[in-house]
Every structure is written in structure tokens, then in C-alpha cells.
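# Working through the structure, step by step
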Amino acid sequence: PPMIIPPVGKILSLIRAGQASAQVFRDILSSIESSVSVLNTSQKIVPPLMTILRHESGIDSQANNLRERCLDVIQIIENVVCTHDPYDMNSKDSDGISSDGNGIVPSAFF
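Everything quoted here is computed from the prediction, not taken from an experiment. (Residues numbered from 1 in each chain as written. Predicted model: local features only at pLDDT ≥ 70, side-chain atom pairs only at ≥ 80, totals over all residues. Heavy atoms only, no water.)

### Points about helix H3 (residues 46-57)
Cut-off, in case you're wondering: Numbering goes from the N terminus for both helices and strands, where a helix is a DSSP run of H or I of at least four residues and a strand is a run of E of at least two. Under the convention used throughout, the expected extent of a helix is 1.5 Å for every residue step, that is, one less than its residue count.
The end-to-end C-alpha separation of H3 is 16 Å, in line with the 16 Å expected for 12 residues at 1.5 Å each. Glycine 58 sits one or two positions beyond H3 and adopts a positive phi of about 75°.

### Focus on the pattern of salt bridges
Counted only if it meets this: Throughout this description, the term salt bridge denotes a Lys or Arg side-chain nitrogen within 4 Å of a carboxyl oxygen of Asp or Glu. Only protein chains enter the calculation, and the probe is 1.4 Å; a residue is then buried if its accessible area is under 20% of its type maximum, exposed if over 50%, and partly exposed in between.
In this structure the tally under the stated criterion is one salt bridge. Arginine 54 is the salt-bridge partner of aspartate 60, the closest N and O atoms lying 3.3 Å from each other. Of the residues examined, arginine 54 reaches a relative accessible area of 27% and is grouped as partly exposed.

### Some points on the environment of valine 81
Defined as follows: Residue contacts are defined here by distance: any two heavy atoms, one from each residue, within 4.5 Å place the two residues in contact.
Relative to the assigned elements, valine 81 resides in the segment after helix H4 (63-80). The buried category is assigned to valine 81, whose relative accessible area is 13%. With 59 residues separating them in the primary sequence, valine 81 and alanine 22 have C-alpha atoms 6.1 Å apart. Dropping the residues within four chain positions of it, valine 81 is found in contact with Ala22 and Phe25.

### Quick notes on H4
For clarity, the cut-off: Directions pointing from the helix axis toward each C-beta atom define the arc.
With 18 residues, H4 extends 26 Å from end C-alpha to end C-alpha; this agrees with the ideal 26 Å at 1.5 Å per step. Along H4, the residues that are buried comprise Ala63, Arg67, Cys70, Ile74 and Ile77. Mapping the buried residues of H4 onto a view down its axis gives an arc of 90°, with all of them on the same face. Opposite its buried face, H4 presents the exposed residues Asn64, Arg69, Ile76 and Val80, each directed more than 90 degrees away. Check the buried side of H4 and you find it contacts helix H2 (22-41) and H3.

Here it is, written out as C-alpha cells:
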């Protein structure tokens, strides 16, 4: 799967400052979805990747725990951010006219 690797320092500073756009969260979502895909399908490559992750992060993580945390983050992002391209007129989720995008804007926003 294609994987966009956003610059971590910049992303963290944008999120902490409350300045991260929907596109930033879409990029994060894309990366996390790619990670889940690898964790779900590539059983031979997962253990070596987890070894690298443990070394680089200093956190003793397990593949199942990582997958669950990724799925939690995906759900959180999807509950708040419009995950499709709002300018894609061919998208089934986009009506291109109404102010709330056919119920795409979460009620918590109002």
C-alpha cells in the first residue's frame, strides 16, 4: 500500500498548536491505514519490523497492541475529520453544495 510519511516534528507542532488542517489528518490516516494493512497481511515481515520499531522508539510494543492502537486512532480521526476529498465531485460522500457536506461535519463541531 502507498504510504505517505509526514514530517513528524512539523505534524506534532501543528497538532499541539491546534493548527493542523484536515489534510494533515488525512495524511496521518493514510499512514496508519498502511501500517494496519502491513500488520494484517505480512506475517513474515512483521517480527523484523517490530524489532526495528522497538529499537527506534524505545517502547516494547507487540504487533497486536500496535494494530489495536492504530485502529483506535483511525476511529478517532474518522469521527472528527472529513476523510474524503471534499472537492472530489465523484465521491459518493460529497454533494459539493450543502454547508454540512451531507452530514459529514460532526455535530460536535456545532
